[in-house]
Amino acid sequence: METTARNKQVILKHYINGFPEESDLMIVTAPDTTELKVKPGSSTILVKNLFLSCDPYMGTFMREPDSGSSEVAVETLSLLDAFIPGKPIAGVGVSEVIDSDDPCFAKGDFVWGFVDWEEYSTVNSFGRFKIDISINVPLSYYTGILKGLLVYHKKGVKLKKMETTARNKQVILKHYINGFPEESDLMIVTAPDTTELKVKPGSSTILVKNLFLSCDPYMGTFMREPDSGSSEVAVETLSLLDAFIPGKPIAGVGVSEVIDSDDPCFAKGDFVWGFVDWEEYSTVNSFGRFKIDISINVPLSYYTGILSVTGLTAYAGFFEICSPEKGETVFVSAAAGAVGQLVGQFAKLMGCYVVGSAGSKQKVDLLLNKFGFDGAFNYKEEPDLDAALKRCLPQGIDIYFENVGGKMLDSVLMNMKVHGRIAVCGMISQYHIETQEGIQNLPVVVYKRIKMQGFLAFDFIDRFPKYLEFVLPYINERKLVYVEDIVEGLENGPAALVGLFHGQNVGKQVLKIA
C-alpha cells in the first residue's frame, strides 16, 4: 500500500485589512502528496491533525507582519510564523503521531501544539506536548481548557504537570447500631486528604474508580459491634471484609474501573468487581478482585448481582445444597429480592413447581407475571402462614430457599416433605430485633430427615466459573429476567441501603455512583 496521502489545507489568499472574511481563505488540496513517514535524522514527527482551535488572535496574523501585533506575538511565542498568503494558516491543534524520528514521541501518541490547518503535518518536535490519555477527558480539551498547562520561559516551553489527585466522597458509619439501621447512622463526607490517583511501586495494589455498589441485607449486621453477634463470625469466615468501624467507610461488593495498577494481572482501563469501601476512589489489594470480560454484552451493574456474589449465592444454595430434581416443589421466601428472583427462575428452568412470598402486591405481581412463578402470596396479608403454604403447596415442599427466618421458617418446617432440603441463605427478619424468635417446630427436621444447611457464597467460590458457564447462555437467550432497582448518587446510598430493611426495593438494589 502506498504510504502517501492527499492533504487538504486552509490557505490565506492575501493579507487583510479590517475583519477577516471567509473569502480571505480558501480550501485546497496540496498539489503534492504527503509522504506518511519522516526522514531519518530529521528529529521531526508526522502527525494526523484531529482537532484545531479557532482563536481571535489568529485574525491579527492575517495582516502584514510589520503592521502591528502579529510580529510581536510571533517573537513572544517562538512557535508560530505569521500567516503568509498562499500558505496554510496555523494554530493550536491536537494530533495523532503517524511516524516519528524523535525518541520522545512514538507512533500512536497523541500530542498538542501549533500546527498548520491541514490534514497532515510534518513538524519539529519542539513545542509539541504529549497528551496523557490516562487523564479521562475529551482530546478536544487540549485545544482549550488544558492549554492552560503551558508555562512560557525565555529558553523554551515546559509543560506544567497536572496534579493527579482527587477529592474522595465517602459513606461513613457514625456509630455502632442497635436494631434496624437508620439513615442517621450514616453520613456523607469528603475525605480531608486528597486521594492520589496512582499506586506505589511494589505495593501490588490497584487504584480503582468505583462505578456501582451493591446494597445487601448482611451489611446491617456489620454495623454492630463485632463481638456482639454474627458480623464477627462473618468477617472471620469471609476473610475479605472487615467489620464496619465508626468513622470509617462502610463496604460491600462493587464494580470499578482500574485507574492505576501495580499488579501485572490488572491494567489501566480494566473493569473489575470485588469488595470495596463505599467511596468514589479506592486503593485495594488485587486479591479477591475479579476481572470483568467486557466482551460479554451485559450491563456492568450485573457484576454487583447476578454475575457476582448474588448470583453465586442463588446457584450454590439451590444446586449444590438442594440438589433439585424435575417435578419437585420449591418455596422461596423474599422471592422478589436479589437472590430470590434468581432461585425461582433457576427452579423453573429445572422443571420444578415454584411458589414465592413477598411483601407487597407489586412484588407478588412481579413473581407471577415477570419471573414466571407458579404461585405467590403477600405474607403481610396472611394472618396464618401455615394456611397460606398449604393453600399454595398442598402436596408439601421438597426444597425451601430460606431468606427470612422467624415465623416463616417455623411454618415452612411443618410443610416440608420427608427428605426435604433447606438452604439457609439469610434470616433478614431476625437481624435487627433485640430478642430473636425461637423456632418451635425444629424437631420436624429429625423425623422428616430434613437436610438444613447454612452457607456463604464464598464457600463455593471455586464453582464461580461453572456458574458463569451455566447462567450466561440463559441471559443471552433472555430465558432469565433480572430486575435491578438502581439509585443514582453516592449521597443517596444511605437511603437505598436502609430501604432494604423495610422492603422498599424491587429487585436487586444497586447504587450507581459514576
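Residues numbered from 1 in each chain as written. Predicted model: local features only at pLDDT ≥ 70, side-chain atom pairs only at ≥ 80, totals over all residues. Heavy atoms only, no water.

In the nomenclature of an unreviewed UniProt entry, the chain is known as Enoyl reductase (ER) domain-containing protein of Brassica cretica.

With that settled, consider the sheet that holds strand β23 (residues 375-378). Strand order in the open sheet formed by 6 strands is β23-β22-β21-β24-β25-β26, and the pairing between neighbours is parallel. Each edge of the sheet is formed by a strand with only one pairing partner; in this case those strands are β23 and β26 (451-454). The average angle at which neighbouring strand axes cross in this sheet is 15 degrees, direction not considered. For strand β22 (residues 353-358) and β23, the ladder comprises 4 bridges, and the chain directions are parallel. Each bridged residue has a counterpart across the sheet, and for Ser357 the counterpart in β23 is Phe377. Sheet strands touched by helix α4 (residues 338-349): β21 (329-332), β22 and β24 (397-402). Its angle to β21, the strand with the most contacts, is close to 170 degrees. (Pairing = 2+ DSSP bridges. Helix = DSSP H or I, 4+ residues; strand = E, 2+ residues; numbered from the N terminus. Axes fitted to C-alpha atoms, helices over the stretch in contact; angles between N-to-C directions. Contact = heavy atoms within 4.5 Å.)

Attention now moves to helix α7 (residues 406-415). The buried count for α7 comes to 8 of 10 residues, which makes it a mostly enclosed element. Considered for burial, the residues of α7 that qualify are Gly406, Met408, Leu409, Asp410, Ser411, Val412, Leu413 and Asn415. (Buried < 20%, exposed > 50% of the residue type's maximum accessible area, 1.4 Å probe, protein only.)

Spatial strand order, β8-β5-β6-β7-β9: 5 strands in an open sheet with antiparallel pairing. Each edge of the sheet is formed by a strand with only one pairing partner; in this case those strands are β8 (120-124) and β9 (129-130). Sheet analysis places strand β6 (residues 90-100) next to strand β7 (residues 110-116), joined by 7 bridges and oriented antiparallel. Across the sheet, Gly91 pairs through a bridge with Val115, a residue of β7.

With that out of the way, let us pick up unusual backbone geometry. Phi angles above zero are rare outside glycine, and Ser323 is one such case at about 45 degrees. In this structure, Ser323 sits in the loop between α3 (309-321) and β21. You can call Ser323 partly exposed: its relative accessible area is 42%. At Arg449, a position not held by glycine, the phi torsion is positive, near 50 degrees.

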